[in-house]
Amino acid sequence: MDSLTQKIREIASNILKEGRVDMVIGFAKGTIPMTTKPYMARTPEQVENFIWDKNCTLNLANYITGRKEKIGIIAKGCDSRNIVNHIVENKISRDQLYIIGVPCSGMADKHNPDELRDNCATCTHRNPVIFDVMAAEPVEEQKIDDPFADVKAVEAMDKDAKWSYFEGLLQNCIRCYACRNACPLCYCPTCFVDESGPQWVGKGQNKTDIQTFHFLRAFHCAGRCTDCGACEAACPMDIHVRAFTRKLNKDSLELFGWEAGLDITKRPPLDTFNPDDPNDFIK
Amino acid sequence: MKVIKIDKKEWTGGIDKSREKYLLFGPVKDKDVTNKEHYIFKKLAAGEFPVMEGVDTVLSPKSVIFPQTEKILKSSLDQSQPDHHIMKRVENDYSSRAVIGIRSFDAKALTLVNLNFDTKDYQDPYWCDAYKATTFVGLAVNKPSDVDFSTSMGSGPFGEEGLDVLLVDNGEEFLAKVITDKGKTFLDAAGFNKTADESAVKKIEDLKAQAEKTIADKAKVGTDNLKNKTVLDLYEAPFWDDIAFSCINCGTCTFVCPTCWCFDIQDETKGKSCTRFKNWDSCMFPLFTLHGSGHNPRGVKTQRVRQRFMHKLKYFLDKYDKGTMCVGCGRCVQSCPVNIDIREVCNIMNNYEPKK
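Residues numbered from 1 in each chain as written. Chains lettered and ligands numbered in written order. Predicted model: local features only at pLDDT ≥ 70, side-chain atom pairs only at ≥ 80, totals over all residues.

Asker: Would you explain the overall build of chain B in this entry?
Answerer: In terms of regular secondary structure, chain B is built from 11 helices and 12 strands. Over its C-alpha atoms chain B spans a radius of gyration of 22 Å, differing by no more than 12% from the 21 Å that the globule rule assigns to 356 residues. Judged by the C-alpha coordinates and their principal axes, chain B covers about 70 × 65 × 45 Å. Looking at chain B residue by residue over its 356 residues, the buried ones come to 42%. Long-range pairs, those at least 24 residues apart, make up 70% of the contacts in chain B with a sequence separation of at least 6. (Helix = DSSP H or I, 4+ residues; strand = E, 2+ residues; numbered from the N terminus. Rg over C-alpha atoms; globule rule 2.2 N^0.38 Å. Buried ≥ 20, exposed ≤ 12 C-beta atoms within 10 Å, placed from the backbone. Contact = placed C-beta atoms within 7 Å.)

Asker: Honestly, the overall build of chain A in this entry has me stumped. Any pointers?
Answerer: When you go through chain A residue by residue, the secondary structure sums to 9 helices and 5 strands. Listed N to C, the secondary structure of chain A is α-β-β-β-α-β-α-β-α-α-α-α-α-α in terms of helices and strands. Computed over C-alpha atoms, the radius of gyration of chain A comes to 19 Å, within 12% of the 19 Å expected from 2.2 N^0.38 for 283 residues, which places it in the range of a compact globule. In terms of overall dimensions, chain A has a C-alpha envelope of 60 × 50 × 45 Å along the principal axes. Sorting the 283 residues of chain A into buried and exposed places 41% on the buried side.

Asker: Honestly, the environment of Val133(A) in this entry has me stumped. Any pointers?
Answerer: Residue and element names in this part refer to chain A. Tracing the backbone shows Val133 in strand S5 (residues 133-134). The exposure class of Val133 is partly exposed, given the 13 C-beta atoms found within 10 Å. Counting along the chain gives 71 residues from Val133 to Asn62, while the straight-line C-alpha distance between them is 20 Å. Ignoring anything within four residues of it in the chain, the contact list for Val133 reads Ile11, Ile100 and Gly101.

Asker: Just checking my understanding: could you explain the packing of helix H7 (residues 207-220) of chain A against helix H9 (residues 242-256) of chain A for this structure?
Answerer: What describes two packed helices is the angle between their axes and the distance between those same axes. Residue and element names in this part refer to chain A. Where H7 meets H9, the axes come as close as 9 Å, and the angle between the chain directions of the two elements is 30 degrees. Pair H7 / H9 crosses with right-handed handedness. Contacts between H7 and H9 involve His214, Phe215, Ala218 and Phe219 from the first element and Phe244, Thr245 and Leu248 from the second. Partitioned by chemical class, the residues of the contact of H7 with H9 number 5 nonpolar, 2 polar and no charged. (Axes fitted to C-alpha atoms, helices over the stretch in contact; angles between N-to-C directions. Left-handed = near helix turned anticlockwise from the far one by under 90°. Nonpolar A, V, L, I, M, F, W, Y, C, P; charged D, E, K, R; others polar.)

Asker: Before we go on, may I ask you to explain the domain arrangement of chain A in this structure?
Answerer: Interfaces are often described in size by the accessible area the parts lose on coming together. Residues and elements named next belong to chain A. Domain annotation of chain A identifies domain 1 (3-134) and domain 2 (149-278). Computed from C-alpha coordinates alone, the two centres of domain 1 and domain 2 are separated by 24 Å. In this complex, domain 1 contributes 21 residues to the contact, which on the side of domain 2 involves 19 residues. (Domains from an automatic or database assignment.)

Asker: Would you explain the packing of helix H1 (residues 11-18) of chain B against helix H4 (residues 181-190) of chain B in this entry?
Answerer: Residue and element names in this part refer to chain B. Their axes nearest at 7 Å, the elements H1 and H4 cross at an angle of 110 degrees. With respect to H4, the axis of H1 lies roughly perpendicular. Where H1 approaches H4, its residues Gly14, Ile15, Lys17 and Ser18 are matched on the opposing element by Phe186, Ala189 and Ala190. In terms of residue class, the contact of H1 with H4 is made up of 4 nonpolar, 2 polar and 1 charged. (Parallel < 35°, antiparallel > 145°, perpendicular 65-115°, else oblique.)

Asker: Just to check I follow, could you spell out the nonpolar core for this structure?
Answerer: One recurring pattern in soluble globular proteins: nonpolar side chains tend to sit buried together. Residues Ile73(A) and Ala176(B) are the most contacted members of the largest nonpolar core, which totals 161 residues. For this core, the element with the most residues is helix H2 (residues 104-117) of chain B, which contributes 7 residues. Both domain 1 (3-134) and domain 2 (149-278) of chain A contribute no fewer than three residues apiece to this core. (Core = buried A, V, L, I, M, F, W, Y, C linked by C-beta atoms within 7 Å.)

Asker: Would you mind showing me how to read the interface of chain A and chain B here?
Answerer: With 34 residues of chain A at the interface, the matching set in chain B holds 34 residues. Among the elements that take part in the side of chain A that touches chain B, strand S2 (residues 36-41) of chain A stands out by supplying 5 residues, more than any other. Taken together, the residues of the side of chain A that touches chain B sort by class into 16 nonpolar, 14 polar and 4 charged.

Asker: Is there a simple way to think about the sheet that holds strand S1 (residues 23-29) of chain A in this case?
Answerer: Strand pairing in a sheet takes place through backbone hydrogen bonds and is either antiparallel or parallel in direction. All names here are of chain A. In space, the 5 strands of this open sheet follow the order S2-S1-S3-S4-S5, with mixed pairing throughout. Where the open sheet ends on each side, the last strands, each with one partner, are S2 and S5. Sheet contacts for helix H1 (residues 3-17): S1, S2, strand S3 (71-75), strand S4 (97-101) and S5; angle to S1, the most-contacted strand, approximately 150 degrees. (Pairing = 2+ DSSP bridges.)

Asker: Got a minute to help me understand the sheet that holds strand S12 (residues 273-280) of chain B in this structure?
Answerer: Residue and element names in this part refer to chain B. Spatially, the 4 strands line up as an open sheet ordered S5-S4-S12-S11, and their pairing is antiparallel. Pairing within the sheet leaves two strands with one partner each, and these edge strands are strand S5 (88-89) and strand S11 (263-270). Of the pairings in the sheet, the one linking S11 to S12 comprises 8 bridges and is antiparallel in character. Each residue of the ladder has a partner; that of Asp267, found in S12, is Arg276.

Asker: Looking at this model, I keep getting lost on the environment of Glu137(A). Mind explaining?
Answerer: Relative to the elements of secondary structure, Glu137(A) occurs in the loop between S5 and helix H4 (149-155). Counting along the chain gives 35 residues from Glu137(A) to Val102(A), while the straight-line C-alpha distance between them is 8.7 Å.

Asker: I would appreciate a short explanation of unusual backbone geometry in the present structure.
Answerer: Trans is the prevailing form of peptide bonds, just as negative phi is the prevailing case for residues other than glycine. Put simply, Gly197(A) and Pro198(A) share a cis peptide bond, and its omega is 0 degrees. The topology assignment puts Pro198(A) in the loop between helix H6 (178-182) and H7. Although it is not a glycine, Tyr177(A) adopts a positive phi angle of roughly 65 degrees. Checked against the element boundaries, Tyr177(A) lands in the loop between helix H5 (159-170) and H6. Positive phi values are uncommon outside glycine, yet Asp321(B) reaches one of about 50 degrees. For Asp321(B), the position within the fold is in the loop between helix H9 (301-320) and helix H10 (331-335).

Here is the structure:
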């Protein structure tokens, strides 16, 4: 068995036995090739179901939102950054968590298992940024010369080309909302597309309504998105929804020098006022 | 039963000929702006042919009969008009159409949906008109996918229920089993009329046995005990929280499912006109059951996950006595972002013995 899997099970078992947590959330093996499923172990016996491999593509921070128990959680780099977000946004308290950090060398692309998925290929935070214990020694972080080359390519398009690219990206959307629901940031009690009294957005396959959902969702994630890729891992239609969030991640970095989820003492840039703000309009 | 032999060299010519009398639908390859490829069922444009290599489509062909969004009624809001605010049926095209290359389990699925939309007391006109106008030309599955468990769910790779013609790929030719008169009419329209010799029936049986064995060699899904369980025993069973834990409550499973028939009605106005739409809905969404009062009888995700499986595997079975409302296509197994596997859930339900 993989030593990381072994270590995760050992730590999870110990914290359950010691009564430090009520449950541990991790990944279990899926029933079809190249899949895993988020899994909650409540007993030391159940930790035997935990695994760690190249297919742990979802973000487990999504499973702690608003929970009241003491929770052990297995966290790769991006999961840990979303845990930081959650703590900053008061969705969970630090004391409730026992974070088992897992250094990550990237997850596999769901269609090309020998390659890293897109977001992992440009990831510069593979090691957890917050943890109580590490399951292994940290891995070396990647140095990426131009992490936003894809966004720049879209920025370089003229207005019409850009718009037709956006339309093309969303043409197969079936509005299942898997992207939203897999996203740890999307915890609104009622999403704006689900508002029914009055209703805010049309519910059919009208392309304007579909685009409204995706664009607004992306803006709502501005300065909060960790580019964990859970949205794309979840999408049954393989839509490149990160095309939108990545532009906002680039803006956050360029305008505010900000990457989400690195520090529990700092609030996201669109959520705070700073007299030294680099933009004139706010002063 | 009659079997027609179609030389593959004559296939495209025949399909083109059939367009004179039929609108055609079938699986085609779709490439998005990021070059990701999928197969989707759609109306075939002139010169476009269905892919007949037994491809998997993420979505089932149910949208051919039951579109995700369908205009059903319209009215004028202009009070100077005598018929303002009177809803009238939108005129849709219900001329003869054929779905080419539909799989057996998907055709069977449509017969199950038909039980809901075409009843003694109520007939949904939009469904009924489209369903009746359609000829289903199936393609037998010689090589079932890893998630295909159709033989456990009353269908199978060569099932004939709901089909008018079953095409069997036999190398250089298709062997077309004529199932209904409707099917014969389509084959005639395409000019496919060479009767196959005696050996064709045997050949089809051999390929069928081989395909069914491929599925049987994998894990079997048990449904035999479901009927005798009581609804409340299953409803109150202790396993639902564990099954639902990983669920993110997206609508993927219900939207890719060939038998999920739930819909929502929406009115949209623009200027002086109003249109009423019928949209797919999903029992996975909290909004699905939200009452006007604000109360939600299925406000917690476990309740919604339970509803989906209970409807598919118990309520439907009890109501119609026509097996489960799952045909074993495996699409939800393949597409679920968190690997909730209906094969496992079905076995858990089927094997559950409540503690007395």
